[in-house]
Structures are given as structure tokens and as C-alpha cells.
Amino acid sequence: MIDEGIGGLAAILAHPDDESFSCAGALALARDAGRTTRLLVATLGEAGNPEGVADPLLGEMREDELRCAAERIGLDEVTLLDGYPDGGVAEQPFERLVSDIAAWLSDRRPDAVVTFGAHGVTGNRDHIIVGSATRWAVERLAEAGIAPNAVYVVSPVFGPTANRFDLSPEEQGATHRIDVTAVIGRKITALECHASQTDAAEAIRDIRAALDADGLIFEGYTRVRPPVPPPHPNFGTRLL
Ligand SMILES: [Zn+2]
């Protein structure tokens, strides 16, 4: 049940599984703190096979995987957009995507939003276009005086995998380092829901190895609205 009609933390991403790879820990922590947690996903991920070819059955399977992960994380609401093909979001009218995201946001008025930065963590075009559209949607809300208090982009620089040198400056320069160790079991079980995606199993192995080595797991974010003045790093430890 949703505790707050509006407010809370909202993630706006491109595919089922993006939430589990990126911000599952921060969402779980927000939920445990009594905040409403929401997720908007642009596509069903129906082309998430090795060939990258759309398969309606895979889309159905991945929607089920997403619902499974949402339950494990403790999300209050999951919304899937209609009309955006996996791998082809950039070919759809950008204005429509901005309007769809702005409408979703203005109905829910989250206090903070998490989305993808300019490199989209992996360079995936859907990630990049959804992150960009979200930023424009927030500016549209700002014109109406109802912008969220904070917008963050995912900055995967504290991940258990090797250092990243391929990210945009805003993704590389994390301003927030969130200790998600307390909820890492939920992030792992959310990743387990995405059984159709082989890289989910790899991510679980990486997290477990990092837990064994360091005992701590962090998620990184850069607050891009309002921007955080330098010097960095002087990490914030909460998104809300
Ligand atoms: Zn993705």
C-alpha cells in the first residue's frame, strides 16, 4: 500500500532489469524509511536476447521478471510505458516520450528522481534517450512549479566490477555514495528474478565477491538538479 499519495523516490529507466542493476538498493532503503517508491520503465525488454530481435513472448516473460524484482525490492508502483520498442526508443518521437514521462511525474510528484546519465551506464541508446527525456520532463514540471527537489543520475563508480573510464563526466563524478549493504540481499534476489538475462547472474557473482572481500556495497549517484557544487568527493549518503 502506498503510504504517501505523492512524493517519495521514483526511478525512470528503460528496461526490466535496469532497476535491479542500478538503483535497487537505494529504492529498498527509501521504502524501509517509509517513503513511497515507484518505477517507470519505457520498454518491455522484448529484444533482450543474444540476437537483439524482438520476441513478444520474451517481453511477457520480462514483465513478469520485473514484477518479481519489484516485489523483492519493495516497490509501491511499477508502470510500463506503451509504444516504445526495446532497442528503438530513440526512433520514437522524443516529444511524446518527454510528455509521457512528464504526465507520469506530475501525477505522482516524487521528491527525488533517479534516471540514466549521458552515457546510460552501458552506452545503451534506450538508456541514454530515457535519461535525456526525463531531464526535459523535469524541466517542464519546473515551469509549472512542481519539479522534484532532486534529480540523480546513476553513477556506477563504486560497483564491485572494475573501474570505469568510459562514463560521462557527470556519471563519473558521483556526488552521493549510498551504503546499500543492509539491503543487498534484496538487490541480489531482485537480480535473480531476471533469469532471462545472463548478465544478472554475473552481477550477483560480482556483488558476492565484493561482499566477501570488503563487506560493504555502495551505489553511486550524481545529483544533477540542483547540481552539487565542488569540491567532490564529499559524498552525500542519502537521496531523500
Ligand atoms: Zn537496460
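Per chain, the residues get numbers from 1 upward, laid out in the order the sequence is written. Side-chain atom pairs in this predicted model are given and counted only at pLDDT of 80 or more, local residue features only at pLDDT of at least 70, and totals for whole chains, interfaces and linings cover all residues.

Colleague: Would you take a moment to explain the sheet that holds strand β3 (residues 77–80) for this structure?
Modeller: Note: strands within a sheet are paired through backbone hydrogen bonds, in either parallel or antiparallel orientation. The sheet built from 7 strands is open, its strands ordered β3-β2-β1-β4-β5-β7-β6 with mixed pairing. The sheet is open, and its two borders are formed by β3 and β6 (176–179), each paired with just one other strand. Averaged over all pairs of adjacent strands, the angle between strand axes in this sheet comes to 25°, irrespective of strand direction. Sheet topology places strand β4 (residues 112–115) next to strand β5 (residues 150–154); 4 bridges connect them, and they run parallel. Counted as the bridge partner of A112 is A150 from β5. We call two residues in contact whenever the C-beta atoms placed from their backbones are within 7 Å. Between N-to-C directions, angles span 0 to 180 degrees; the directions come from axes that are lines fitted to C-alpha atoms, helices contributing only their stretch in contact. Secondary structure elements are taken from DSSP: a helix is a run of H or I of four residues or more, a strand is a run of E of two residues or more, and numbering for both begins at the N terminus. The strands touched by helix α3 (residues 56–73) are β2 (37–41) and β3; relative to β3, the strand with the most contacts, the crossing angle is about 160°. For two strands to be treated as a pair, DSSP must find at least two bridges joining them.

Colleague: How do you make sense of the packing of α3 against helix α7 (residues 184–193) when you look at a structure like this?
Modeller: Each pair of packed helices can be summarised by the angle the axes make with each other and by the distance between the axes. Between α3 and α7, the least distance of the axes is 8 Å, while the angle of their chain directions is 170°. Our classification of the angle between α3 and α7 gives roughly antiparallel. Side by side, α3 and α7 meet where E65, C68, A69, R72 and I73 of the first sit next to R186, T189, A190 and C193 of the second. Each angle is binned into one of four classes, with values under 35 degrees roughly parallel, values over 145 roughly antiparallel, values of 65 to 115 roughly perpendicular, and all other values oblique.

Colleague: Mind showing me how you'd approach unusual backbone geometry here?
Modeller: Peptide bonds are, in most cases, trans, and in most cases residues other than glycine have a negative phi. The amide bond that connects R225 to the next residue, P226, takes the cis arrangement and shows omega of -10°. As for its placement among the helices and strands, P226 is situated in the segment after β7 (218–225). The backbone of V121 sits at a positive phi, close to 65°, despite the residue not being glycine. Its place among the elements puts V121 in the loop between β4 and α5 (125–143).

Note that all results are geometric; they support no functional claim without further evidence.
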